[in-house]
Amino acid sequence: MFARRRPSTLKPLVALALFVLAVTVSACAPHKPTQSGFLTDAPAVKGQGYTSALIDPVEYRPVGRTPRKADPADMDALMADYRKELETAFAAHFRIATKPGPGVLRVRAAVTGYTLANPAWNAASLALPIGPRNGGISTEAEVVDARTGAPIIAQSKGFNGHLRNAGPAAMFDRDRHAETGLRQHARTLAEGASAATR
């Protein structure tokens, strides 16, 4: 006769972790690439000899209904954060310029949609059969010749926060998912601009 095994105390914890992972990954993903009309409607050109980048103020160009009612303070903070991330990302490849000139790129960017995480709801989702309310961001951005406006590279991107791309702590920080997306979008644009102008 086999001895009865003692119940494992890890099973409930593993089940909870798998549940949280499932609902976090399966939560709706509203942020996708957008087409707001912000990007220059012209074929990209190749360019070399660029040493500097001029970062324009970021604009807000909402597309769709995310969020349903934008908060002006949130919009201002996100636009300021995106410009800061762009400056940091481009400073790794170019000098940051303050005015147009020879060898200068101009960086234009817009936030086209955002959501912020709901920490209280997400805390409840750990114990209740409800999906989390995570944050995210949609952006459009382009790099053009600062003197002629000729486009060199453009991108439209969406970012939706979950465990795999922001970690569990971000679920309990209202802004972290959107900020993570802005950082990733800025780095991708700067790296693309550097590769396109070599």
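These numbers come from a predicted model, not from an experiment.

1. Remarks on the confidence of the model for the protein chain
Next up, step 1: Per-residue confidence for the protein chain gives a mean pLDDT of 86, with 85% of residues at or over 70.
Next up, step 2: Scored below 50 in pLDDT, residues 1-7 makes zero contacts in the model with residues more than four places away or belonging to other chains.
Next up, step 3: Within the model, pLDDT remains below 50 along residues 21-27, and this stretch shows eleven contacts once partners closer than five positions in the same chain are excluded.

2. Focus: the pairing of strand S1 (residues 52-55)
Here is the key point about a regular strand: its side chains alternate between the two faces of the sheet.
Next up, step 1: Of the two faces of S1, the one carrying Ser 52 and Leu 54 and the one carrying Ala 53 and Ile 55 are both buried.
Next up, step 2: Sheet topology places S1 next to strand S4 (residues 104-115); four bridges connect them, and they run parallel. Within the sheet, the bridge partner assigned to Ile 55 lies in S4 and is Val 107.

3. Points about the nonpolar core
As a rule of thumb, nonpolar side chains are buried together in soluble globular proteins.
Next up, step 1: If you look at the biggest cluster of nonpolar residues, it comprises 30 residues, and the most contacted ones within it are Tyr 82, Leu 86, Phe 90, Val 107, Val 111 and Ile 137.
Next up, step 2: Contributing elements (two or more residues each) for this core: S1, helix H2 (72-91), S4, strand S5 (136-145), strand S6 (151-160) and helix H5 (176-196).
Next up, step 3: Top element by residues in this core is H2. It accounts for seven residues.
Next up, step 4: Beyond its immediate sequence surroundings of up to four residues, Phe 90 is in contact with Ala 53, Ile 55, Ile 96, Val 107, Val 143, Ala 186, Leu 189, Ala 190 and Ala 193.

4. Observations concerning the pattern of salt bridges
Next up, step 1: Under the criterion given, the structure shown has eight salt bridges.
Next up, step 2: A salt bridge links Arg 106 to Asp 56; the shortest N-O distance between them is 2.8 Å. Of the two residues, Arg 106 is situated in strand S4 and Asp 56 in the loop between S1 and strand S2 (59-60); the sequence distance between them amounts to 50 residues.
Next up, step 3: Judged by its relative accessible area of 23%, Arg 106 is partly exposed.
Next up, step 4: Asp 56 sits in the buried class, given a relative accessible area of 17%.
Next up, step 5: Residues Arg 174 and Asp 74 are paired through a salt bridge, measuring 3.0 Å at the closest nitrogen-oxygen approach. One end of the pair, Arg 174, is in the loop between helix H4 (163-166) and H5; the other, Asp 74, is in helix H2, and 100 residues separate them in sequence.

5. A short note on the packing of aromatic side chains
Next up, step 1: A complete count under the given rule lists two aromatic pairs for this structure.
Next up, step 2: When the ring centre of Phe 38 is taken as origin, the NZ or CZ atom of Arg 108, which lies over that ring, is 4.1 Å away.
Next up, step 3: Above the plane of the ring of Trp 121 lies Arg 133, whose end atom (NZ or CZ) is 3.5 Å from the centre.

6. Topic: H2
Next up, step 1: Under the 1.5 Å per step criterion, the end-to-end length of H2 is 29 Å for 20 residues, consistent within 8% with the ideal 28 Å.
Next up, step 2: Restricting attention to buried positions, one finds in H2 the residues Asp 74, Met 75, Leu 78, Met 79, Tyr 82, Glu 85, Leu 86, Ala 89 and Phe 90. When H2 is viewed along its axis, its buried side chains cluster within an angular range of 130 degrees and face the same direction. For H2, the exposed residues lying more than 90 degrees away from the buried face are Pro 72, Ala 73, Lys 84 and Thr 88.
Next up, step 3: In this structure Asp 71 caps H2, since a side-chain oxygen of it lies 2.8 Å from the backbone nitrogen of Ala 73.

7. Focus on the environment of Pro 119
Next up, step 1: You can see Pro 119 is positioned in helix H3 (residues 119-124).
Next up, step 2: As a C-alpha pair, Pro 119 and Met 171 span 52 residues in sequence and 6.1 Å in three-dimensional space.
Next up, step 3: Not counting residues up to four positions away in its chain, the partners in contact with Pro 119 are Met 171, Phe 172, Asp 173 and Arg 174.

8. Focus on the packing of H2 against H5
Next up, step 1: Look at H2 against H5: their axes get within 8 Å of each other, and the N-to-C directions meet at 35 degrees. By crossing handedness, the relation of H2 to H5 is classed as right-handed. Only Ala 178, Glu 179, Leu 182, Arg 183, His 185, Ala 186, Arg 187, Leu 189, Ala 190 and Ala 193 of H5 make contact with H2, whose side of the interface consists of Leu 78, Asp 81, Tyr 82, Glu 85, Leu 86, Ala 89 and Phe 90.
Next up, step 2: Residue classes in the contact of H2 with H5 are distributed as eleven nonpolar, one polar and five charged.

Here is what the cut-offs are and how they apply
- Residues numbered from 1 in each chain as written.
- Predicted model: local features only at pLDDT ≥ 70, side-chain atom pairs only at ≥ 80, totals over all residues.
- Heavy atoms only, no water.
- pLDDT = per-residue confidence, 0-100.
- Contact = heavy atoms within 4.5 Å.
- Buried < 20%, exposed > 50% of the residue type's maximum accessible area, 1.4 Å probe, protein only.
- Helix = DSSP H or I, 4+ residues; strand = E, 2+ residues; numbered from the N terminus.
- Pairing = 2+ DSSP bridges.
- Core = buried A, V, L, I, M, F, W, Y, C linked by side-chain atoms within 4.5 Å.
- Salt bridge = Lys/Arg side-chain N within 4 Å of Asp/Glu carboxyl O.
- Phe/Tyr/Trp six-rings, centres within 6.5 Å; stacked < 30°, edge-to-face > 60°.
- Lys NZ or Arg CZ within 6 Å of the ring centre and 35° of its normal.
- Expected span 1.5 Å × (residues − 1).
- Arc of directions from axis to C-beta.
- Polar contact = N/O pair within 3.5 Å; in protein donor to acceptor, adjacent residues only side chain to side chain.
- Axes fitted to C-alpha atoms, helices over the stretch in contact; angles between N-to-C directions.
- Left-handed = near helix turned anticlockwise from the far one by under 90°.
- Nonpolar A, V, L, I, M, F, W, Y, C, P; charged D, E, K, R; others polar.

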